[in-house]
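# Observations on the three-dimensional arrangement
The chain contents come next:
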Amino acid sequence: MSAHSAHQRDEYLNRAIQLAVQNVADGGGPFGAVVVTPDGEAHEGVNRVTRDHDPTAHAEVVAIRRAAAAIGKFDLSGSVLYASCEPCPLCLSATLWARIGRVYFAADRHGAARAGFDDAVFYEYFSGSRPELLPVEQTVLLASEQPFDAWRNHVRRTSY
């Protein structure tokens, strides 16, 4: 990483931290994020879980939504995510679906846990060590494959 890009990284991380601190003052959660798209534009997000009554409105997801809407594409390849805190499994999944190429974060999951945001149990669930947290079971029906058949047969589908 060149000195210039290290400087930019630190600037975007500091911006994500500033967003998080301001969001606390505004009554929201202590998380901020910035997605920088290949055109160099920065798209900001803050945690809006309590404000919007939306458990998926994490700062990173909000920033990803804003970036995708701004560039008119769901594929954010070549973009970089800067987060005030280590992204949780939800945010990592959203980042993967968005095809974002790199993530930088400031505080880690342990700092979040000390503040009352402990995602450790989610990491345990996804590692397979806590399956009882959310039983997930397949039920095969005659119609189970119909949505995929419809997709394969749809001539104007947009692959993702």
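Residues numbered from 1 in each chain as written. Predicted model: local features only at pLDDT ≥ 70, side-chain atom pairs only at ≥ 80, totals over all residues. Heavy atoms only, no water.

## A word on the nonpolar core
Membership of the largest hydrophobic core comes to 14 residues, with the highest contact counts inside it found for Ala33, Val35, Ile64, Leu76, Leu81, Ala98 and Ile100. Within the residue set of this core, elements represented by two or more residues are strand S1 (32–36), helix H3 (59–71) and strand S3 (80–85). Broken down by element, this core gets its largest block of residues, 5 residues, from H3. Aside from chain neighbours lying at most four places away, what touches Ile64 is Val35, Leu76, Ala94, Thr95, Ala98 and Ile100. One finds Ala16, Val36, Val46 and Tyr82 within the second-largest nonpolar core, a separate group that totals 9 residues. (Core = buried A, V, L, I, M, F, W, Y, C linked by side-chain atoms within 4.5 Å. Buried < 20%, exposed > 50% of the residue type's maximum accessible area, 1.4 Å probe, protein only. Helix = DSSP H or I, 4+ residues; strand = E, 2+ residues; numbered from the N terminus. Contact = heavy atoms within 4.5 Å.)

## Comments concerning the state of the cysteines
What the rule picks out here adds up to 0 disulfides. In this structure Cys85 is a free cysteine whose sulfur lies 9.1 Å from that of Cys88, the closest cysteine sulfur available. For Cys85, a relative accessible area of 5% gives the class buried. (Disulfide = S-S within 2.5 Å.)

## Some thoughts on the UniProt feature "domain: CMP/dCMP-type deaminase" (unreviewed entry) in the protein chain
Mapped onto the present numbering, the UniProt feature "domain: CMP/dCMP-type deaminase" (unreviewed entry) falls on residues 7–120. Here residues 7–120 runs as 46% helix and 19% strand, with 31 Å between its end C-alpha atoms. (UniProt positions renumbered as here; feature names shortened; annotations may be inferred.)

## Observations regarding the pattern of salt bridges
Summed over all chains, the structure comprises 8 salt bridges. Ionic pairing is found between Asp54 and Arg65, a salt bridge with its closest N-O pair at 3.7 Å. One end of the pair, Asp54, is in the loop between helix H2 (49–52) and H3; the other, Arg65, is in helix H3, and 11 residues separate them in sequence. Accessibility expressed as a relative area gives 42% for Arg65, which makes it partly exposed. Measuring nitrogen to oxygen at the nearest pair gives 2.6 Å for the salt bridge that ties Glu132 to Arg130. Beyond isolated ion pairs, a larger network of salt bridges with shared partners links Glu124, Arg130 and Glu132. (Salt bridge = Lys/Arg side-chain N within 4 Å of Asp/Glu carboxyl O.)

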